[in-house]
Every structure is written in structure tokens, then in C-alpha cells.
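Residue-level listing of the chains:
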Amino acid sequence: MIKPIIIGNWKLNGNKVFIRKFFEPLNRFLSKYHKKCTVIITPPVLYIYLIQKIFSSNNKKFFLGSQNVDNHILGPFTGEISSCMLKDIGVKYVIIGHSERRFNHKESNTIIAKKFHILKEKKLIPILCIGETQEEKINKKTKEICMEQIDVIFNICGSYAFDNSIIAYEPIWAIGSKNSAKAKEVQYISHFIRNYIKSKINHKIKNFFIQYGGSVTRKNAKKLITQKDVDGFLIGGSSLKLKEFTKIIEITNI
Ligand code: 13P
């Protein structure tokens, strides 16, 4: 049995007061769970340092991640965040390719693959989001979309790309919709993703995980996590509600 990974993606939410109210009890709660389950929170990046300061490095029972990284290391790129800077402050996990960035910031598969490459070079762990729109689902294009989003990573990063990495399967229609994908569908696509990646390489992949994301709640967590190819969750809305989030962690570990 692998150690599940639960990631809370806060998106554009949170402030200093909320952070104190959230992390102190979360850290206490995790005393019981942190050995069985890896919990990662990706707050807005400017709060990472603050959260690190609240907890001395040896009592923090969770990891902090970034919601984005630039595809350049340094230079004239106003407003961007570099992988070196993330590494400098001790961040290990970085979300890339979230559908909200693909759509709102017009990030192409190629840009995302460049980001992936930069993260791998710096030995950071990419959390690559992939998944189909409602229309693509209706047109039965889910597998095709996932393959396209994976292929470009292999093309730019080589056959070891997905060792030490995470793929979050997030069907776009399920995000923030209160309408999670059905557990069986999630298993079917997660299994497909795992096999597809295996089919493209000639070595035994190491430390590769598949998350599901899209309206995960305490109500659907059990059914989803018990699917064979689901190794954890990427959670938006429910990760901002402490009770809901800790309940999901509890359920994941039963
Ligand atoms: P929700 O859990 O709010 O549907 O968001 C999922 C998501 O986009 C996580 O990255």
C-alpha cells in the first residue's frame, strides 16, 4: 500500500489571519497522520515564507508547495516566480498545467512541458494537472487529451520525466462544480494514464503518483481513494475548510 498524498490547492484564497487559524490546528491534527499520509498545501506563494516562519522546521507535519512556476530561471520576467527561488525557500512540490492557468493565462502544452523540465532540472517535484473539458468528454476525447498532455512532456523531458513526479487527473468539468467524476470513471482514466506512461518507457518507474481532483469532499473521498490507481487527491474548495479537509485526510487513512 502506498502512502497517499493529499494536496490542498488554495488558489487565490487566504490571508494572514486565516493562515494562523488554519495551520495551527492542522499541524496538531497531523501528528496522528503525517507518517501515513503526505499532506501538501499550496497557498498563494507570498504566504509560503510566513507559514514556514510560524512553524520551526522540525515541527511542521505538512509540506508547502507552489501553484505555479515560470519557465525561465531568472531575468526580465515581471511578476513571475522562479524554480530557483522556490528551491531557495525550501519548496519541493509545484503545481503546473492547472486548467485555470491553461485557460486564464493561455498556457500551452509546450510552455507547461518547459516548466516541467525546469522543475526536474532543479529536482523539484512537478504536480502536472491534466484532464478534459466537458465538450471533450462528451466527444469521448478524454484519453486523447490525456495522451497529448503527457506526450509533450516526454518529448521535451525524456523517458525519465515522470519518475519522481505526480499527475493530477482533473476533469475540468468537475472542478468547482460540486459534481465529482464517478469513482469508476476516475479509476478507468487513472489506470489508462499509468499504463500509457508505462508503455512509453523501458524502465521501472519510481515515485510516480496519480491524484484525482475535482469536487472532492468527505462524501465522495472514500469511494475515490479506494480505487486501485488513485494515490491521493488534489483538492480545491474543500481544502479551505479545515473540518472538511481533515475529515478527508481521516477517510483516506481508514
Ligand atoms: P475543487 O476541489 O474546488 O473542485 O478544485 C479542484 C482543483 O482545481 C484543485 O486543483
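Residues numbered from 1 in each chain as written. Predicted model: local features only at pLDDT ≥ 70, side-chain atom pairs only at ≥ 80, totals over all residues. Heavy atoms only, no water.

Peer 1: Could you clarify how one ought to interpret the pattern of salt bridges in this entry?
Peer 2: Here the idea is simple: oppositely charged side chains can pair when their charged atoms come close. In this structure the tally under the stated criterion is nine salt bridges. The salt bridge partner of K137 is E185, with a shortest N-O separation of 2.8 Å. Separated by 48 residues along the polypeptide, K137 in helix α6 (residues 134-138) and E185 in helix α8 (residues 183-199) bring together distant segments of the chain. For K137, a relative accessible area of 26% translates into the label partly exposed. (Salt bridge = Lys/Arg side-chain N within 4 Å of Asp/Glu carboxyl O. Helix = DSSP H or I, 4+ residues; strand = E, 2+ residues; numbered from the N terminus. Buried < 20%, exposed > 50% of the residue type's maximum accessible area, 1.4 Å probe, protein only.)

Peer 1: Just checking my understanding: could you explain helix α5 (residues 109-121) for this structure?
Peer 2: Each α-helix winds once per 3.6 residues, and so residues spaced three or four apart point in a common direction. For α5, with 13 residues, the first-to-last C-alpha span of 18 Å sits near the 18 Å given by 1.5 Å per residue. Among the residues of α5, those classed as buried are I112, A113, K115, F116, I118 and L119. Once α5 ends, the next one or two residues include K123, with phi positive near 60°. (Expected span 1.5 Å × (residues − 1).)

Peer 1: Explain the sheet that holds strand β1 (residues 5-9) here, please?
Peer 2: Backbone-to-backbone hydrogen bonds pair the strands of a sheet. The strands run either parallel or antiparallel. Spatially, β1-β2-β3-β4-β5-β6-β7-β8 is the arrangement adopted by the eight strands of the closed barrel, whose pairing is parallel. Strand after strand, the sheet turns through a mean of 25° between neighbouring axes, direction not considered. Relative to strand β5 (residues 125-130), helix α7 (residues 142-157) is tilted by about 150°, and along the sheet it contacts β5 and β6 (165-169). (Pairing = 2+ DSSP bridges. Axes fitted to C-alpha atoms, helices over the stretch in contact; angles between N-to-C directions. Contact = heavy atoms within 4.5 Å.)

Peer 1: How should the packing of helix α1 (residues 16-30) against helix α10 (residues 242-252) be read in this particular structure?
Peer 2: The description of two helices packed together rests on the angle between their axes and the distance between the axes. Where α1 meets α10, the closest approach of the two axes is 11 Å, and the angle between their N-to-C directions is 20°. With respect to α10, the element α1 is oriented roughly parallel. Note that α1 runs across α10; the crossing there is right-handed. The residues of α10 that touch α1, namely those facing K21, F22, P25, L26, F29 and L30, are L242, F245, T246, I249 and E250. Looking at the contact of α1 with α10 residue by residue, the class counts come to eight nonpolar, one polar and two charged. (Parallel < 35°, antiparallel > 145°, perpendicular 65-115°, else oblique. Left-handed = near helix turned anticlockwise from the far one by under 90°. Nonpolar A, V, L, I, M, F, W, Y, C, P; charged D, E, K, R; others polar.)

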